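What follows is each chain in one-letter form.
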Amino acid sequence: MTPGRASAVPFYVALGLLGGLYVGLVAAMLIADLAYTSPGAVGRALASPEVRAAVWLTLLSCSASAVLSLWVGVPLGYLLARTRFPGKAVVDLLVDVPIVLPPLVVGLSLLILFQTPPGLALQQHLTVTYAVPAVVLAQFTVAAAFAVRTMRVTFEQISPRTEDVAMTLGCSRGRAFWLVTLPEARRGVLAAGTLAWARSLGEFGPILVFAGATRMRTEVLSTTVFLELSVGDLEAALAVSVLMIAVAVAVLVLTRALGLREAA
Amino acid sequence: MSRTTVAAVGSLAVLGLLVGGLWWRQRDTGPDRPLVVYAAAAVRVPLEAAARDYEAEHGRRVELRFGASEDVLTKVGLVNPSDPADLFLPADDSYVRLARDRGLVAESFPLATMRAVLLVAPGNSKGLAAWPDLLRDGVRVAVSNPAAAVGKLTRDHLAATGRWAALKPRVADTGTVTEAANAAKVGAADAAVVWDAVAVNYPGQKVLTPPELAGVVGRVEVAVLAQSADRDAARAFARYLADPERGLKTFRAAGFTVGSGAPP
């Protein structure tokens with residue numbers, strides 16, 4: 001072994017130990033959850049019409065929230081990464097607000113927003129609060145912030161040179177973005193979409209405050225866990241938690257597989 | 001057509017399908033507006049059963065929106081003219097009093113009472129059998145904080161009887177009564193002060209009824225809200241809940257102590 005390699009061993013061992021503490025914590029949590037429940041309990045949870053309805057609403061709302069987050073995250077991420085404009089610092093700060101605010105405050109702020117005259121006027125035509133649109137909006141408000149951050153970093157890491165070359169060859173700015181930069185950012189787009197979807201899945205506080213917990217109507221899986229815990233049914237709550245973990249892992253594995261195939 | 005355009009159009013098509021799916025889920029199932037009940041998640045089990053029976057008997061849909069008592073109190077306070085609430089059923093009558101003070105309550109009906117008991121952790125490793133056992137070194141007792149009625153009433157009662165100072169060093173504060181019960185269930189606390197109606201949801205765990213807690217009694221009331229758009233229907237459902245032969249049966253089955261019901 002060369003001296004360089006030998007001296008690197010303690011370094012990597014130290015890194016592995018420190019990082020392993022966190023990985024071990026997450027793994028231990030999952031193992032504890034699995035140990036506390038059983039396949040039978042998960043099966044009973046899935047047999048419940050309320051839980052099945054919550055699974056469908058979770059899948060639909062998280063997917064809608066993720067797609068909407070991308071439609072906001074890509075343009076805003078590009079603007080923040082590549083341009084200068086008045087008030088950019090303020091926009092940058094505002095995008096972080098949903099990330100740093102306590103979840104309950106996000107929900108309460110949305111609830112108050114829809115009690116203002118414009119909000120009430122909108123609700124004359126489309127009921128938002130305590131209805132399905134509130135579920136999607138609560139998820140989107142937080143998930144979009146993560147999508148914007150991811151897309152900003154993605155665009156910052158892509159050299160603007162290829163876009164400039166496309167423009168010298170006659171492309172407009174928009175066409176260069178559409179045909180050159182955005183295809184280059186596809187893995188970032190996939191990462192932002194996955195992150196937004198996962199963030200939406202874990203959302204609870206804003207949904208509880210803004211959309212309520214109405215069974216078979218605004219109940220997503222995180223709401224189900226809360227409702228089961230509220231009546232002391234820890235087994236059912238953990239069974240639904242395990243279900244959430246399974247859904248999340250399936251989506252993450254699927255999107256990563258698609259991302260790898262795309263990269264290949 | 002570039003791949004970026006295909007992806008963008010595809011994402012819009014997917015979004016359209018998702019919105020369609022969500023709209024289909026949310027479509028109303030009847031011509032009448034449902035009776036909207038804001039209720040504490042802790043009374044979910046008996047309330048869901050009573051609402052199902054009421055819908056079957058009277059054909060009027062009942063929409064139950066659950067949350068923590070303080071959360072649903074906030075929500076009924078945010079009056080939305082396009083989506084008014086009809087009834088309010090928190091975990092105990094202290095929240096009905098708060099709602100009445102804010103001018104939100106038109107009338108209320110008593111439903112049931114709850115007594116404070118000690119829910120012992122599975123296995124009872126500390127051998128708890130009577131009140132003095134709680135004061136031994138190393139014993140941890142979960143008591144919900146004063147924002148929850150059982151926490152406030154227990155503290156007040158024990159302070160008035162001169163027992164709180166001795167118990168206080170052993171107390172672990174929790175947010176809600178169910179969190180206290182769950183702390184005992186997973187063994188994080190050796191015992192928890194909870195309502196008897198909560199303790200019945202933890203079969204297999206020892207329940208003590210020490211005379212030291214005899215004076216801690218909570219009452220469950222359902223309130224007809226002043227904002228109700230159909231107060232007669234709201235009153236009819238409240239009376240149904242307070243009927244010893246109908247709604248109160250479900251509360252009794254869920255472990256609540258019910259009285260003679262509402263006056264005719």
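Residues numbered from 1 in each chain as written. Chains lettered and ligands numbered in written order. Predicted model: local features only at pLDDT ≥ 70, side-chain atom pairs only at ≥ 80, totals over all residues. Heavy atoms only, no water.

Student: Which parts of the structure should I look at to understand the overall build of chain A?
Tutor: Within chain A one finds 13 helices and 1 strand. Secondary structure elements of chain A occur, N-terminal to C-terminal, as α-α-α-α-α-α-α-α-α-α-α-β-α-α. When its C-alpha atoms are laid out on the principal axes, chain A stretches across 65 × 65 × 30 Å. Scored against the burial criterion, the 264 residues of chain A give a buried share of 43%. A fraction of 73% describes how many contacts in chain A between residues 6 or more apart in sequence connect residues 24 or more apart. By element, 73% of the accessible surface of chain A is carried by carbon and sulfur atoms, the whole surface being about 13400 Å². Taking the average location of the 18 positive side-chain charges in chain A and that of its 14 negative ones, the two points are 10 Å from each other. (Helix = DSSP H or I, 4+ residues; strand = E, 2+ residues; numbered from the N terminus. Buried < 20%, exposed > 50% of the residue type's maximum accessible area, 1.4 Å probe, protein only. Contact = heavy atoms within 4.5 Å. Areas by Shrake-Rupley, 256 points an atom, 1.4 Å probe, with all protein chains shown as cover. Lys, Arg positive; Asp, Glu negative; His and termini not counted. Charge placed at Lys NZ, Arg CZ, Asp CG, Glu CD.)

Student: Could you clarify how one ought to interpret the domain arrangement of chain B in this entry?
Tutor: It is common to give the size of an interface as the accessible area that goes away when the parts come together. Residues and elements named next belong to chain B. Assigned domains within chain B: domain 1 (1-30), domain 2 (33-112 + 220-258) and domain 3 (114-217). One C-alpha centre belongs to domain 2, the other to domain 3, and the line joining them spans 28 Å. The interface of domain 2 with domain 3 comprises 9 residues on the first partner and 7 residues on the second. Where domain 2 abuts domain 3, roughly 670 Å² becomes buried across the two surfaces, and 57% of that area is made up of carbon and sulfur atoms. For domain 2, the biggest contributors to the area lost against domain 3 are Asp 92, Gly 255 and Phe 256; these three give 38% of the whole. Across the domain 2-domain 3 interface, the total number found is 0 salt bridges. In this structure, the connection of domain 2 to domain 3 is made through 0 residue pairs in polar contact (both at pLDDT 80 or more). (Domains from an automatic or database assignment. Buried area = accessible area lost by both parts, 1.4 Å probe. Salt bridge = Lys/Arg side-chain N within 4 Å of Asp/Glu carboxyl O. Polar contact = N/O pair within 3.5 Å; in protein donor to acceptor, adjacent residues only side chain to side chain.)

Student: Explanation requested: the pattern of salt bridges in the structure shown.
Tutor: Charged atoms that come close allow side chains of opposite charge to pair. All names here are of chain A. Considering all chains together, one arrives at 30 salt bridges over all chains under this definition. Glu 156 serves as the salt-bridge partner of Arg 152, at 3.0 Å between the closest nitrogen and oxygen. With Arg 152 and Glu 156 both in helix H7 (residues 132-157) and 4 residues apart, the pair spans about one turn of that helix. Given a relative accessible area of 16%, Arg 152 falls into the buried group. One salt bridge connects Glu 219 with Arg 215, and the closest N-O pair in it is separated by 2.9 Å.

Student: Please explain the interface of chain B and chain A as it appears in this structure.
Tutor: Taken together, the contact between chain B and chain A spans 40 residues of the former and 45 residues of the latter. Between chain B and chain A lies a buried interface of about 3600 Å² when both sides are counted; carbon and sulfur atoms form 59% of it. Area buried by chain B at its contact with chain A is led by B:Leu22, B:Arg25 and B:Gln26, which between them contribute 18% of it. Notably, a salt bridge pairs A:Arg215 with B:Glu48, separated by 3.7 Å at the nearest N-O pair. The tally of links between chain B and chain A comes to 9 residue pairs in polar contact (both at pLDDT 80 or more). It is helix H1 (residues 3-26) of chain B that provides the largest number of residues to the side of chain B that touches chain A, a total of 12 residues. Of the residues that constitute the side of chain B that touches chain A, the class distribution is 17 nonpolar, 12 polar and 11 charged. The sheet contact formed by strand E1 (residues 213-214) of chain A and strand E2 (residues 62-67) of chain B spans 2 bridges and is antiparallel. (Nonpolar A, V, L, I, M, F, W, Y, C, P; charged D, E, K, R; others polar. Pairing = 2+ DSSP bridges.)

Student: For this particular structure, what's the right way to read helix H9 (residues 173-184) of chain A?
Tutor: Working note: α-helix, 3.6 residues per turn, so residues spaced by three or four point in the same direction. Between the first and last C-alpha of H9(A) there are 15 Å, a value that for 12 residues agrees with the 16 Å anticipated at 1.5 Å per step. Along H9(A), the residues classified as buried are A:Ala176, A:Phe177, A:Thr181 and A:Leu182. Taken end-on, H9(A) shows its buried residues confined to a sector of 150 degrees, consistent with a single buried face. Looking at the packing, one finds that the buried side of H9(A) touches helix H3 (49-82), H7, helix H8 (161-168) and helix H10 (186-202) of chain A together with H1 of chain B. (Expected span 1.5 Å × (residues − 1). Arc of directions from axis to C-beta.)

Student: I'm lost on unusual backbone geometry in this one. Help?
Tutor: It is generally the case that most residues other than glycine have a negative phi and that most peptide bonds are trans. In this structure, A:Met216 takes a positive phi of about 65 degrees despite not being glycine. Of note, A:Met216 is situated in the loop between E1 and helix H12 (221-230). Residues other than glycine seldom take positive phi values, yet B:Asn124 does so here, at roughly 45 degrees. Among the structural elements, B:Asn124 can be located in the loop between strand E4 (105-120) and helix H5 (131-134). In this structure B:Asn124 comes out as buried when scored by relative accessible area, which is 17%.

Student: Explanation requested: the packing of H9(A) against H1(B) in the structure shown.
Tutor: The geometry of a pair of packed helices is captured by two quantities: the angle between their axes and the separation between those axes. Following both chains from N to C, one finds H9(A) and H1(B) inclined at 75 degrees, their axes separated by 9 Å at the closest point. As far as their axial angle goes, H1(B) and H9(A) are roughly perpendicular. The residues of H1(B) that touch H9(A), namely those facing A:Trp178, A:Leu182 and A:Pro183, are B:Thr4, B:Thr5 and B:Ala8. (Axes fitted to C-alpha atoms, helices over the stretch in contact; angles between N-to-C directions. Parallel < 35°, antiparallel > 145°, perpendicular 65-115°, else oblique.)

Student: Before we go on, may I ask you to explain H3(A) in this structure?
Tutor: Between the first and last C-alpha of H3(A) there are 49 Å, a value that for 34 residues agrees with the 50 Å anticipated at 1.5 Å per step. By the largest-angle criterion, A:Gly73 marks the main kink of H3(A), which is about 25 degrees, and a proline, A:Pro75, follows within four residues. (Bend = angle between axes of the 7 residues up to and from the residue.)

Student: What exactly am I supposed to notice about the nonpolar core here?
Tutor: Grouped burial of nonpolar side chains is what soluble globular proteins tend to show. B:Leu89, B:Leu111, B:Val194 and B:Phe237 are the most contacted members of the largest nonpolar core, which totals 73 residues. No other element matches the 9 residues that E4(B) contributes to this core. Among residues more than four places away in sequence, those in contact with B:Phe237 are B:Leu35, B:Val37, B:Leu47, B:Ala50, B:Ala51, B:Tyr54, B:Val62 and B:Leu87. Counting 38 residues, the second-largest nonpolar core is a separate cluster that includes A:Val67, A:Val132, B:Val72 and B:Ala223. (Core = buried A, V, L, I, M, F, W, Y, C linked by side-chain atoms within 4.5 Å.)

Student: What exactly am I supposed to notice about the packing of aromatic side chains here?
Tutor: Each aromatic ring pair is summarised here by two numbers: the centre-to-centre distance and the angle between the ring planes. All names here are of chain A. Tallied over the full model, the rule gives 11 aromatic pairs over all chains. Measuring from ring centre to ring centre gives 4.7 Å for Tyr 78 and Phe 177, while their planes differ by 65 degrees; the resulting arrangement is edge-to-face. Placement of the pair is Tyr 78 in helix H3 and Phe 177 in helix H9, with a sequence separation of 99 residues. Here Phe 177 falls in the buried class, since its relative accessible area comes to 14%. With a centroid separation of 6.1 Å and an interplanar angle of 50 degrees, the aromatic rings of Phe 155 and Phe 177 are classed as tilted. On the criterion of sequence distance, the pair formed by Phe 155 in helix H7 and Phe 177 in helix H9 is long-range, its members being 22 residues apart. The exposure class of Phe 155 is buried, given its relative accessible area of 0%. Each member of the aromatic cluster is reached from another via a ring pair, and the members are Tyr 78, Phe 155 and Phe 177. (Phe/Tyr/Trp six-rings, centres within 6.5 Å; stacked < 30°, edge-to-face > 60°.)

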